[in-house]
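# Fold and geometry: a report
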Amino acid sequence: MALGARASSVEALERAYRSVVQNLNENDRVLIVAERAGEIVGMAQLARSSADNARHRAEVQRVAVAADVRGAGVGKLLMQAVEDQARGRGLTLLWLTTHAETDACAFYEAVGYTQLGVMPRYSTRPDGRLAPAAFYYRELA
Ligand SMILES: CC(C)(COP(=O)(O)OP(=O)(O)OC[C@H]1O[C@@H](n2cnc3c(N)ncnc32)[C@H](O)[C@@H]1OP(=O)(O)O)[C@@H](O)C(=O)NCCC(=O)NCCS
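Going along each chain's sequence as written, the residues are numbered from 1 onward. In view of the model being predicted, local features appear only for residues whose pLDDT reaches at least 70, and side-chain atom pairs are presented and counted only at 80 or more, with totals across whole chains, interfaces and linings using the full set of residues.

### Section: the nonpolar core
In terms of nonpolar packing, the biggest core is built from 18 residues, with A44, L46, V60, L78, V82 and A86 touching the most fellow members. Secondary structure elements are defined from DSSP: runs of H or I of at least 4 residues count as helices, runs of E of at least 2 residues count as strands, and each element is numbered from the N terminus. In terms of residues, this core owes the most to one element, helix α2 (residues 74–88), which gives four residues. C-beta atoms are placed from the backbone for every residue, and two residues are taken to be in contact when these atoms lie within 7 Å. Not counting residues up to four positions away in its chain, the partners in contact with A44 are I32, V60, R62, V63, L78 and V82. Structurally, a nonpolar core is described as a collection of buried Ala, Val, Leu, Ile, Met, Phe, Trp, Tyr and Cys residues joined by way of C-beta atoms within 7 Å. The exposure label follows from counting other C-beta atoms within 10 Å of a residue's C-beta, where the C-beta atoms are placed from the backbone and the thresholds are 20 or more for buried and 12 or fewer for exposed, leaving partly exposed in between.

This is the structure we're talking about:
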């Protein structure tokens, strides 16, 4: 490898590293919590892409509502809050994954997400078995 090529590659790595460190700020990860009577009953996270050419995009992660309050609209409120936070940060594309063929798919479709497809053997279920994931996205106008 020519010295010049190696030097520029090291510089590129250093730039990428510095960008990761500098961009670790509150705009890159948002934690949203739903409370009822002082108790946490739901959570969701928004993780902005760190790619230079995809700062408009974020992944919605770890959406969960406490079992005893499901079906009462908390999940929908969480997803609205996710969207509000995303818009406030100039994000225009949200995406997420969830285990395929579960109730969560109907939930995400009910709150406006479009399924792209299913990837096999994506992640483990609580029993350790590898299971497929459904990929979803939503564009914010
Ligand atoms: C999926 C989950 C977040 C939904 O939260 P929730 O508070 O029960 O959802 P809501 O009551 O706000 O429902 C919102 C919409 O989704 C639909 N929906 C919710 N759960 C559903 C289910 N099990 N089956 C079909 N539709 C469902 C509702 O009918 C509603 O639609 P509508 O607005 O047209 O009436 C919750 O069930 C949960 O935490 N599940 C376990 C963890 C999980 O699966 N997380 C997501 C994958 S990572």
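Text resumes after the structure shown.
### Some words on α2
In a regular helix each residue adds 1.5 Å, so 15 residues correspond to 21 Å; α2 covers 21 Å between its end C-alpha atoms and thus fits that length. Along α2, the residues that are buried comprise G75, L78, M79, V82 and A86. Burial along α2 is one-sided: seen end-on, the buried residues are contained in an arc of 95 degrees. For α2, the exposed residues set more than 90 degrees away from the buried face come down to D84, R87 and G88. Tucked into the core, α2 has its buried residues touching β1 (29–36), β2 (39–48), β3 (57–65), β4 (93–99) and α3 (103–110). One or two residues past the end of α2 sits G90, with phi positive at roughly 75 degrees. Expected span of a helix: the number of residues minus one, times 1.5 Å. What the arc describes is the spread of directions from the helix axis to the C-beta atoms.

### A look at the site of the ligand
The rule is simple: place the C-beta atom from the backbone, and if it lies within 6 Å of a molecule or strand, the residue is near it. In the vicinity of the ligand, 17 residues are found, and the nearest of them are R70, G75, K76, D103 and A106. Tallying contributions element by element places α3 first for the shell around the ligand, with five residues. Ten residue types, Ala, Val, Leu, Ile, Met, Phe, Trp, Tyr, Cys and Pro, are classed as nonpolar, four, Asp, Glu, Lys and Arg, as charged, and the remainder, Gly among them, as polar. Along the lines of polarity and charge, the residues of the shell around the ligand split into ten nonpolar, four polar and three charged.

### Points about the sheet that holds strand β5 (residues 114–124)
Spatially, β1-β2-β3-β4-β6-β5 is the arrangement adopted by the six strands of the open sheet, whose pairing is mixed. With partners counted over all chains shown, the strands left at the sheet margins are β1 and β5, one partner each. Neighbour to neighbour, the strand axes of the sheet diverge by 25 degrees on average, direction disregarded. Any two strands between which DSSP finds at least two bridges are classified as paired. For β3 and β4, the ladder comprises three bridges, and the chain directions are parallel. Across the sheet, the residue bridging to E59 is W95, located in β4. Each axis is a line fitted through C-alpha atoms, and for a helix only the stretch in contact is used; angles between axes span 0 to 180 degrees, taken between their N-to-C directions. Along the sheet, α2 makes contact with β1, β2, β3 and β4, crossing β2 at roughly 35 degrees. Relative to the sheet, α3 contacts β4 and β6 (130–139), its axis offset from that of β4 by approximately 160 degrees.

These results come straight from atomic positions and should not be treated as a statement about function.
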